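Each chain is listed here by its residues.
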Amino acid sequence: MTEPILSIQDLRVTFRSRSESVHAVDGVSFDVYPGETVGVVGESGSGKSVTMLSILQLLPQTSRVVTSGRVLFQGKDVLKASQRELRHIRGREIALIPQDPMTCLDPVLRVGGQLREAIRAHNAVPKAEQRRRGVKLLDSVGLPQPERQYGQFPHEFSGGMRQRAMIAMGMANGPSLLIADEPTTALDVTIQAQVMDILRAAQAETQAGLVLITHDLGLIAEMADRVVVMYAGHVVESGDVRTIFAQPRHPYTLGLLGSLPQTGGDQDWLRPIPGSPPDLARVPSGCPFHPRCLHSRGREICSTQRPELTPAGETGAHQSACHFANELDNETVHDLLKAAEDIQ
Ligand SMILES: Nc1ncnc2c1ncn2[C@@H]1O[C@H](COP(=O)(O)OP(=O)(O)O)[C@@H](O)[C@H]1O
Ligand code: SF4
Ligand SMILES: [Mg+2]
């Protein structure tokens, strides 16, 4: 059996201030295998980005941020890596593709210059060769005139082109893991599809693992092999994509699947279930989802005991953190979806 490229084990991240502690990530565990795509889904504020940033140690390095657990990348704990090791991992082994590429692209440097920097940071490559490779990378992500665009500045690019340039930069050193955090949220639908195709092609070429963070379930259905559902800093369900869509075994996942696009807000987010996710400084006792859960029906254990992630199907691959996961047969699932619709 292949080893996971990334193994997150009981990861916890707490932001401390004088008055409170925000448990942004609270005991998250999951693995990513070479060549597979893991979709991480959950409402805004569920700890998805913090999970990924902590892996690369990109959170503010102050005593206010407390991280624990293990994050094994190629078998080595990155939470214990030195600054030198981290630089190597960030530029070469793990590529992060953010929601807004302008946070990573330098506005005053030409795209080609930034690509060359990415290439030569990890390899001694002659200058002419750096250029040749840079142009080839831009070509491989589908930029129409790579020679020309190599000499342009990021502000001369459209949003979709910038995202492509980010992917090109991420791929410069053949990373073994890609982390894409809402990579297409800012783009229109046609461009979204193109960017996803490019990401998929890039991944296929290097057999990299891909962690795709998104609130777009359509994207998850299309791209992911496995799904990790997060709620209030916890993984509440995980399994292969078909199982999650056909036989969800957590009421929150059910809510996500039955949700309607909520329009009119500043974010085109899906409202899974009536109510909103908790303030992470005041996560409810017991099951963090209990105040919103249509399946609990006030049962005491839901508000007193935190459910662990346990096998929910015949194989251990499907897991759910709900005390009453085994009650969620197809009929109950149907009734719950109907009840959620009625409330909305
Ligand atoms: N730099 C920070 N300082 C303090 N709290 C933070 C910081 N970054 C994130 N948080 C907290 O962590 C929570 C989870 O954030 P995040 O991982 O960005 O959510 P998601 O990506 O799922 O939308 C936020 O609601 C916020 O309370
Ligand atoms: S443990 Fe209880 S509150 Fe939590 S999801 Fe299951 S039924 Fe709902
Ligand atoms: Mg986020």
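Bear in mind the structure is a predicted one, so any value in this text is a computation, not a measurement. (Residues numbered from 1 in each chain as written. Chains lettered and ligands numbered in written order. Predicted model: local features only at pLDDT ≥ 70, side-chain atom pairs only at ≥ 80, totals over all residues. Heavy atoms only, no water.)

Asks: What is the right way to look at the environment of Cys302 in this model?
Replies: Looking at where Cys302 falls in the secondary structure, it is placed in helix H11 (residues 300-304). Judged by relative accessible area, Cys302 falls into the buried class, the value being 8%. For Cys302 and His323, which are 21 residues apart along the polypeptide, the C-alpha to C-alpha distance reads 7.2 Å. Setting aside chain neighbours within four positions, we find Cys302 in contact with Ser285, Gly286, Cys287, His290, Ser296, His323 and Phe324. (Helix = DSSP H or I, 4+ residues; strand = E, 2+ residues; numbered from the N terminus. Buried < 20%, exposed > 50% of the residue type's maximum accessible area, 1.4 Å probe, protein only. Contact = heavy atoms within 4.5 Å.)

Asks: Looking at this model, I keep getting lost on the site of ligand 1. Mind explaining?
Replies: Around ligand 1 sit Phe15, Val22, Ala24, Glu43, Ser44, Gly45, Ser46, Gly47, Lys48, Ser49, Val50 and Leu280, and that is every residue in its neighbourhood. Contacts to ligand 1 include Gly45, whose backbone N or O atom sits 2.7 Å from an oxygen atom. Separating an oxygen atom of ligand 1 from a backbone N or O atom of Val50 is a distance of 2.8 Å. Isolated, ligand 1 exposes 570 Å² of accessible area, and the fraction of that covered by the protein chains is 64%. Looking at the shell around ligand 1, the elements that each hand over two or more residues are strand E2 (21-32) and helix H1 (48-55). When residues in the shell around ligand 1 are grouped by element, the largest group, 3 residues, is from H1. Tallied by class, residues from the shell around ligand 1 come to 5 nonpolar, 5 polar and 2 charged. (Near = heavy atom within 4 Å. Polar contact = N/O pair within 3.5 Å; in protein donor to acceptor, adjacent residues only side chain to side chain. Areas by Shrake-Rupley, 256 points an atom, 1.4 Å probe, with all protein chains shown as cover. Nonpolar A, V, L, I, M, F, W, Y, C, P; charged D, E, K, R; others polar.)

Asks: I would appreciate a short explanation of empty space enclosed by the protein in the present structure.
Replies: Any space left empty among the atoms is revealed by the rolling of a water-sized probe across them. Considering all chains together, one arrives at 3 cavities of 30 Å³ or more under this definition. Space inside the largest cavity adds up to approximately 90 Å³. Along the wall of the largest cavity there are 14 residues; nearest its centre are Cys287, Cys293, Ser296, Cys302 and Cys322. A per-class count over the lining of the largest cavity returns 9 nonpolar, 5 polar and no charged. Approximately 70 Å³ is the volume found for the second largest cavity. Contributing to the lining of the second largest cavity are 11 residues, with Pro251, Leu254, Gly255, Ile273 and Leu294 lying nearest its centre. Elements with a minimum of two residues in the lining of the second largest cavity: helix H10 (251-257) and helix H12 (330-343). (1 Å grid on protein atoms, 1.4 Å probe; cavity = no way out; pocket = protein on both sides within 12 Å on 5 of 7 lines; lining within 4 Å. Points joined across faces, edges and corners; volume = space filled by probe spheres on them.)

Asks: What should I look at first to understand the domain arrangement of the protein chain in this one?
Replies: By a frequent convention, interface size equals the accessible area lost on bringing the separate parts together. The domains assigned to the protein chain are domain 1 (6-224) and domain 2 (227-343). Distance between the C-alpha centres of domain 1 and domain 2: 28 Å. Contacts between the two partners involve 27 residues from domain 1 and, on the opposite side, 25 residues from domain 2. Together domain 1 and domain 2 conceal approximately 2,100 Å² of surface at their shared face, both sides included; 61% is due to carbon and sulfur atoms. On the domain 1 side of the interface with domain 2, the three residues burying the most area are Glu43, His215 and Leu217, jointly 30% of the side's total. A salt bridge links Arg306 to Asp26; the shortest N-O distance between them is 3.3 Å. Taken together, domain 1 and domain 2 are joined by 10 residue pairs in polar contact (both at pLDDT 80 or more). When contributions to the side of domain 1 that touches domain 2 are tallied by element, the ones reaching two or more residues are E2, strand E3 (37-41), H1 and helix H8 (217-223). Take the side of domain 1 that touches domain 2: its biggest share by element is 9 residues, from E2. Residues that form the side of domain 1 that touches domain 2 fall into these classes: 12 nonpolar, 11 polar and 4 charged. (Domains from an automatic or database assignment. Buried area = accessible area lost by both parts, 1.4 Å probe. Salt bridge = Lys/Arg side-chain N within 4 Å of Asp/Glu carboxyl O.)

Asks: How should the pattern of salt bridges be read in this particular structure?
Replies: If charged atoms from side chains of opposite charge come close, those side chains can pair. Taken as a whole and assessed by the stated rule, the structure comprises 15 salt bridges. One salt bridge in this structure joins Asp10 and Arg12, with 2.8 Å as the shortest N-O distance. The shortest N-O distance in the salt bridge between Arg200 and Asp197 comes to 3.2 Å. Of the two residues, Arg200 and Asp197 are both situated in helix H7 (residues 189-206); the distance of 3 residues between them amounts to about one turn of the helix. On the accessibility criterion, Asp197 (43% relative accessible area) is partly exposed. One salt-bridge network, held together by shared partners, links Asp10, Arg12, Asp26 and Arg306.

Asks: What am I meant to see in the sheet that holds strand E1 (residues 6-16) here?
Replies: What links the strands of a sheet is backbone hydrogen bonding, and the strands pair in either a parallel or an antiparallel sense. The strand order E2-E1-E4-E5 describes an open sheet built from 4 strands, whose pairing is antiparallel. Two strands bound the open sheet, and with one partner strand each, they are E2 and strand E5 (76-77). Where H1 meets the sheet, it contacts E1, E2 and strand E4 (65-73), and its direction lies at approximately 110° from that of E1. (Pairing = 2+ DSSP bridges. Axes fitted to C-alpha atoms, helices over the stretch in contact; angles between N-to-C directions.)

Asks: Quick question: what am I supposed to make of the site of ligand 2 here?
Replies: Residues in close proximity to ligand 2 total 13 residues, the closest being Cys287, Cys293, Cys302, Cys322 and His323. Among the detected pockets, ligand 2 sits in the largest cavity. (Sits in = over half its atoms within 2 Å of the grid points.)

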